[in-house]
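An overview of the molecular structure
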Amino acid sequence: MASQGFRGRLAALMKQVDGMDGQEVLAALKEIRHRPTTPEKQTAQQVMLARYGELDRETAFSYVSTLVDDEYREGVLVIMTAWTNTDSQAASAHYLENLDDFGVINADQRAAA
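The following paragraphs examine the structure supplied in this document. Keep in mind it's a predicted model, so treat the numbers as computed, not measured.

Analysis parameters
- Residues numbered from 1 in each chain as written.
- Predicted model: local features only at pLDDT ≥ 70, side-chain atom pairs only at ≥ 80, totals over all residues.
- Heavy atoms only, no water.
- Helix = DSSP H or I, 4+ residues; strand = E, 2+ residues; numbered from the N terminus.
- Buried < 20%, exposed > 50% of the residue type's maximum accessible area, 1.4 Å probe, protein only.
- Salt bridge = Lys/Arg side-chain N within 4 Å of Asp/Glu carboxyl O.
- Phe/Tyr/Trp six-rings, centres within 6.5 Å; stacked < 30°, edge-to-face > 60°.
- Lys NZ or Arg CZ within 6 Å of the ring centre and 35° of its normal.
- Contact = heavy atoms within 4.5 Å.
- Core = buried A, V, L, I, M, F, W, Y, C linked by side-chain atoms within 4.5 Å.

**A look at the side chain of Arg51**
- Inspection of the secondary structure puts Arg51 in helix H3 (residues 39-64).
- For Arg51, a relative accessible area of 17% puts it in the buried group.

Take a look at the structure:
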């Protein structure tokens, strides 16, 4: 697969992930979780999280809550984006109701809003 180049590997990954169910996506996410951070790992994680968010967004959010720093923020963004593509009103309402959980504003900012 290395001879395909990045775009070829990405297309193959997306096709593979599209055929996965929630348990398979979770297993794949756990398998790559502790690999060194590379652009390909980050891309693979985002593709898998988007699929997981489509299949089972609550469990996907639960998984993302175990990540830290940039991986957490990127995971939330990917799931929210996938959800917004299918039900923007529900995604927006969930986001606004859970701002503190997403860590995007602090208590002082929330009080001022």
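**Considerations on the pattern of salt bridges**
- Per the stated rule, a full pass over the model turns up five salt bridges.
- For Arg9, the salt bridge is made with Glu40, and the minimal N-O distance between the two is 2.4 Å. Here Arg9, found in helix H1 (residues 5-18), pairs with Glu40, found in helix H3; they are 31 residues apart in sequence, far enough to count as distant.
- Overall, Glu40 belongs to the partly exposed group, its relative accessible area being 37%.
- A salt bridge links Glu54 to Arg51, with the nearest nitrogen and oxygen atoms 3.5 Å apart. In this pair, Glu54 and Arg51 both sit in helix H3, three residues apart, roughly one turn of the helix.

**Quick look at the packing of aromatic side chains**
- Inspection of every chain in the model, using the stated rule, returns one aromatic pair.
- The ring of Trp83 has Arg57 sitting right over it, with the charged end atom 3.9 Å from the ring centre.

**Examining the side chain of Lys41**
- With respect to the helices and strands, Lys41 occurs in helix H3.
- Residue contacts for Lys41: discarding those within four places in its chain leaves Ile32, Arg33, Arg35, Pro36 and Glu71.

**Looking at the nonpolar core**
- Counting 25 residues, the largest nonpolar core has Leu29, Met48, Leu49, Tyr52, Tyr63 and Val64 as the members making the most contacts within it.
- Contributing elements (two or more residues each) for this core: H1, helix H2 (22-32), H3 and helix H4 (69-86).
- Contacts of Tyr52, omitting those with residues within four sequence positions, involve Gly22, Val25, Leu26, Leu29, Arg57, Thr59, Ala60 and Tyr63.

**Some details on the environment of Leu13**
- The topology assignment puts Leu13 in helix H1.
- Classification of Leu13 by relative accessible area gives buried; the value is 16%.
- In the structure, Leu13 is positioned 31 residues away from Ala44 in sequence and 7.3 Å away in space, judged by C-alpha atoms.
- If we ignore the near neighbours within four places in the chain, the residues touching Leu13 are Ala44, Val47 and Met48.

These values are about where atoms sit, not about what they do.
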